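Observations on the three-dimensional arrangement
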Amino acid sequence: MSRRNISKKRFSEADPVYNSYLVSLLTTRILKSGKKTIAQNIVNSSFEIIRSKTKEDPLVIFERAIKNASPVVEVKARRIGGSTYQVPVEVSGFRATNLSLRWIIQYAKQRVGRTMAIKLASEIIDTANDIGNTIKKKEETHRMAEANKAFAHFRY
């Protein structure tokens with residue numbers, strides 16, 4: 001009986017249409033009940049909407065949106081001597097990308113629109129232009145970390 005290395009992270013392969021790892025991450029975040037083809041159709045149609053609205057390459061706009069939405073610091077709850085402190089910690093690259101994808105999808109779902117593809121495209125365009133709810137969430141996260149800077153010495 002062979003044992004697998006449990007500490008290794010498994011990464012999914014690149015998206016078949018855009019040949020991008022980020023697009024495949026987006027597809028897996030949109031995924032509901034294991035229906036991957038539906039998630040891929042949503043992503044592909046939203047990228048077509050981005051192309052028609054901005055007349056630019058949707059992959060470039062998507063990558064710019066991810067870069068704009070990625071937080072640098074966040075707060076984590078740390079319990080010390082009976083009281084809980086919000087301790088600011090730096091965010092790793094993968095976690096920053098993960099958080100930005102999560103926020104983009106979360107605020108795309110909350111948007112007013114006809115289909116998920118339209119809502120997702122609008123949220124990606126707004127985030128790429130440094131406006132919208134995703135950017136507000138990032139700024140709020142940074143503000144929380146700045147406000148709790150005094151507890152930075154509790155970092156682990």
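Conventions and cut-offs
Residues numbered from 1 in each chain as written. Predicted model: local features only at pLDDT ≥ 70, side-chain atom pairs only at ≥ 80, totals over all residues. Heavy atoms only, no water. UniProt positions renumbered as here; feature names shortened; annotations may be inferred. Core = buried A, V, L, I, M, F, W, Y, C linked by side-chain atoms within 4.5 Å. Buried < 20%, exposed > 50% of the residue type's maximum accessible area, 1.4 Å probe, protein only. Helix = DSSP H or I, 4+ residues; strand = E, 2+ residues; numbered from the N terminus. Contact = heavy atoms within 4.5 Å. Pairing = 2+ DSSP bridges. Salt bridge = Lys/Arg side-chain N within 4 Å of Asp/Glu carboxyl O.

Per an unreviewed UniProt entry, the protein chain goes by Small ribosomal subunit protein uS7c and derives from Coscinodiscus granii. Comment text from UniProt for the protein chain, heading Subunit (unreviewed entry), reads "Part of the 30S ribosomal subunit." For the protein chain, the Subcellular location (unreviewed entry) comment in UniProt is given as "Plastid, Chloroplast".

Turning our eyes to something else, we now look at the nonpolar core. Core analysis: the biggest nonpolar cluster contains 26 residues, and Leu26, Ile30, Phe47, Phe62, Leu120 and Ile124 have the highest contact counts within it. Taken together, the elements giving at least two residues each to this core come down to helix H1 (21-30), helix H2 (36-54), helix H3 (58-69), helix H4 (93-110) and helix H5 (116-128). Sorting elements by how many residues they give to this core places H5 first, with 6 residues. The contact partners of isoleucine 124, leaving out residues within four places of it in the chain, are Phe47, Ile50, Ile61, Phe62, Ala65 and Ile104.

Let us now look at the pairing of strand E1 (residues 73-80). Sheet analysis places E1 next to strand E2 (residues 83-90), joined by 8 bridges and oriented antiparallel. Across the sheet, residue arginine 78 finds its bridge partner in E2, namely tyrosine 85. Hairpin connection of E1 to E2: 2 residues between the antiparallel strands, including glycine 81 at a positive phi of 55°.

Attention now moves to the pattern of salt bridges. Using the criterion set out here, one finds 5 salt bridges in the structure. One salt bridge in this structure joins arginine 95 and glutamate 74, with 2.8 Å as the shortest N-O distance. Of this pair, arginine 95 sits in helix H4 while glutamate 74 sits in strand E1, placing them 21 residues apart in sequence. Put simply, arginine 111 and glutamate 123 hold a salt bridge, and the shortest N to O gap is 2.5 Å. With arginine 111 in the loop between H4 and H5 and glutamate 123 in helix H5, this pair connects stretches of sequence that are 12 residues apart. What makes arginine 111 partly exposed here is its relative accessible area of 24%. Connected via shared salt-bridge partners are Arg111, Glu123 and Asp126.

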